[in-house]
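Residue strings, one per chain:
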Amino acid sequence: MSGGVDSAVAAARAVDAGYDVTGVHLALARNPQTYRTGARGCCTLEDARDARRAADVIGIPFYVWDLAEQFHADVVDDFVAEYAAGRTPNPCLRCNEKIKFSAVLDRALALGFDAVVTGHHARRDPQGRLRRSVDLGKDQSYVLAVLTPDQLAHSVFPLGGSTKAQVRAEAAARGLAVADKPDSHDICFIADGDTRGWLRSRLGEAPGDIVDGATGTVLGRHDGAYAYTVGQRKGLGLDRPAPDGRPRYVLSITPVTNTVTVGPAAALDVSVVHGDRPLWTVESPVRAEVQLRAHGDVVPATVTVHSGRLTAELDRPVRAVAAGQAIVAYQPDPDGDIVLGSATISDALARAA
């Protein structure tokens, strides 16, 4: 129970379904006072109190599990290392993979529980397959696509068949104080939302060149390549306009040379995406709809998984695909909400090499 409306209603629905439910809040911050407040995160003292009050209203036992050290090692340190390596990680995806459905599920099963119930907006069908929520605007199957079949078999998602508006209305009807609590967003462990400054405090300043992708000309300097991500337009600090007067975008980040390469928007278009550590459920090659970032659009593709590597050949070019994000494949219509598998994006190309 994060302290938000979704997990509270999920717990209440689990009770209604006849489960013997125990509420658990995860203490993930070494110092909760340094994490976001005002209902923007899920890891503060305020959130813990909200979760406890919801458990009291529902009438279930409530405990706090301290996973701060594991969260720091598997999510926070991983976040820093990924940016240092020139990639753009998704910490919520890593938290689901390493904490909520690994550490928590393992402990729950060891204690004799059968499953972990969460407030994620996603579904698991009778065949055990992960599917999108009926509320596509709140769907979280993308950040759950890293779960193994065994983890899914021990997971319950009571909210996948409801819209967020329905969940809030139900919370109000149940007398849950979190009914109108704003959704969590941003990165919970970056207190002020300044990702660049937070990374600088941990990685230090590391000046390097910003170069033109077409000519190799040095256009400016940066204080740390970790502060940039593929597709970024603002904050480049360049005082020399492009010859055609059009905006420049970050095309790539090369940690070995500490170089940020920039160029026109068209140079961001890619048609082939490769992924490492694939988690796959069907034979390939297969036609699929792939999603390349959280809440991003889907694009038709042919996906092949071979020798521990995923290759997605896109039907149309996609702009600004960042290494470190996930590629998630969904079954095409009429069953376009079924997750076929996922992988971590390693690189993307304008055309097959």
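Residues numbered from 1 in each chain as written. Predicted model: local features only at pLDDT ≥ 70, side-chain atom pairs only at ≥ 80, totals over all residues. Heavy atoms only, no water.

J.: Go over the sheet that holds strand β8 (residues 218–222) with me, naming the residues and quoting the values.
T.: The four strands lie next to each other as β8-β7-β10-β9, forming an open sheet whose pairing is mixed. The sheet is open, and its two edges are formed by β8 and β9 (249–254), each paired on a single side. Ignoring which end each strand starts from, the neighbouring axes of this sheet average 25 degrees apart. Bridge count for β9 against strand β10 (residues 259–263) is five bridges, and the pairing is antiparallel. Directly across from Ile-253, in β10, lies its bridge partner Val-260. (Pairing = 2+ DSSP bridges. Helix = DSSP H or I, 4+ residues; strand = E, 2+ residues; numbered from the N terminus. Axes fitted to C-alpha atoms, helices over the stretch in contact; angles between N-to-C directions.)

J.: Break down the packing of aromatic side chains for me, citing the residues and quoting the values.
T.: Summed over the entire model, instances satisfying the criterion amount to six aromatic pairs. Pairing Phe-79 with Phe-189 gives two aromatic rings, centres 5.3 Å apart and planes at 80 degrees, and the pair type is edge-to-face. In this pair, Phe-79 sits in helix α3 (residues 68–84) while Phe-189 sits in the loop between α7 (164–173) and α8 (195–203), placing the two residues 110 residues apart along the sequence. Both residues of the pair, Phe-79 and Phe-189, belong to the buried class. On the basis of an interplanar angle of 70 degrees and a centroid distance of 5.8 Å, the ring pair of Phe-79 and Trp-198 is categorised as edge-to-face. Pair noted here: Phe-79 is in helix α3 and Trp-198 is in helix α8, with a separation of 119 residues, a long-range link. The pair Phe-79 / Trp-198 is uniform in exposure class, with both members buried. Within the aromatic cluster, the residues linked to one another by ring pairs are Phe-71, Phe-79, Tyr-83, Phe-189 and Trp-198. Above the plane of the ring of Tyr-228 lies Arg-196, whose end atom (NZ or CZ) is 5.1 Å from the centre. (Phe/Tyr/Trp six-rings, centres within 6.5 Å; stacked < 30°, edge-to-face > 60°. Buried < 20%, exposed > 50% of the residue type's maximum accessible area, 1.4 Å probe, protein only. Lys NZ or Arg CZ within 6 Å of the ring centre and 35° of its normal.)

J.: Could you give an account of unusual backbone geometry, with specific residues and numbers?
T.: The omega torsion of the bond from Ser-284 to Pro-285 falls at 5 degrees, within 30 degrees of zero and hence cis. Checked against the element boundaries, Pro-285 lands in the loop between β11 (269–280) and β12 (286–291). Even without being a glycine, Asn-258 presents a positive backbone phi close to 55 degrees. Within the secondary structure layout, Asn-258 lies in the loop between β9 and β10. Despite not being glycine, Ala-320 has its phi angle at roughly 60 degrees, a positive value. Checked against the element boundaries, Ala-320 lands in the loop between β14 (309–319) and β15 (326–330). Taking relative accessible area as the criterion, Ala-320 reaches 17% and is therefore assigned buried.

J.: For the sheet that holds strand β16 (residues 339–349), give the residues involved together with the corresponding values.
T.: Read around the barrel, six strands follow the order β11-β14-β13-β12-β15-β16 and close on themselves; strand pairing throughout is antiparallel. Neighbour to neighbour, the strand axes of the sheet diverge by 40 degrees on average, direction disregarded. Where strand β13 (residues 298–306) meets β14, six bridges bridge the pair, whose relative direction is antiparallel. Bridge pairing links Thr-302 to Glu-313 in β14.

J.: Explain the nonpolar core to me, and be specific about the residues and the numbers.
T.: Judged by nonpolar contacts, the single largest core of 34 residues is most densely connected at Leu-26, Phe-71, Ile-99, Phe-189, Trp-198 and Tyr-228. Elements with a minimum of two residues in this core: β1 (23–27), α3, α4 (91–110), α8, β9 and β10. Not counting chain neighbours up to four residues away, the residues in contact with Tyr-228 comprise Tyr-83, Arg-196, Ile-210, His-222, Gly-235, Leu-236, Val-250, Ile-253 and Val-260. (Core = buried A, V, L, I, M, F, W, Y, C linked by side-chain atoms within 4.5 Å. Contact = heavy atoms within 4.5 Å.)

J.: Account for the environment of Pro-91, naming residues and giving values.
T.: Structurally, Pro-91 is set in helix α4. Remark: the alpha-carbon pair of Pro-91 and Ile-187, spanning 96 residues in sequence, is separated by 7.5 Å. Once residues lying within four places of it in the same chain are set aside, the contact partners of Pro-91 are Val-75, Phe-79, Ile-187 and Phe-189.

J.: Got a sec to walk through the state of the cysteines? Specific residues and values, please.
T.: Scanning all chains against the criterion turns up zero disulfides. No disulfide involves Cys-92; its sulfur sits 7.1 Å from the nearest other cysteine sulfur, which is in Cys-95. The class of Cys-92 is partly exposed, set by a relative accessible area of 45%. Since its relative accessible area comes to 9%, Cys-95 is described here as buried. (Disulfide = S-S within 2.5 Å.)

J.: An account of helix α2 (residues 45–58) is needed here, citing residue identities and associated values.
T.: In this model, α2 (14 residues) spans 20 Å end to end at C-alpha, consistent with the 20 Å of a helix rising 1.5 Å per residue. Within α2, the full set of buried residues consists of Asp-47, Ala-48, Asp-50, Ala-51, Ala-54, Ala-55 and Ile-58. Taken down its axis, α2 places every buried residue within 160 degrees of arc, on the same side. On the buried face of α2, the contacting elements are α1 (5–16), β1 and β2 (62–66). Downstream of α2 by a residue or two, Gly-59 has a phi angle that is positive, lying close to 90 degrees. (Expected span 1.5 Å × (residues − 1). Arc of directions from axis to C-beta.)

J.: Please set out the packing of α3 against α8 residue by residue, giving values where relevant.
T.: Working note: a packed helix pair is described by the angle between its axes plus the distance between those axes. Packing of α3 against α8 leaves a shortest axis separation of 11 Å and a crossing angle of 90 degrees. One finds that α3 runs roughly perpendicular with respect to α8. Listed contacts from α8 to Val-76, Phe-79, Val-80, Tyr-83 and Ala-84 of α3 are Thr-195, Trp-198, Leu-199, Arg-202 and Leu-203. Partitioning the contact of α3 with α8 into residue classes produces eight nonpolar, one polar and one charged. (Parallel < 35°, antiparallel > 145°, perpendicular 65-115°, else oblique. Nonpolar A, V, L, I, M, F, W, Y, C, P; charged D, E, K, R; others polar.)

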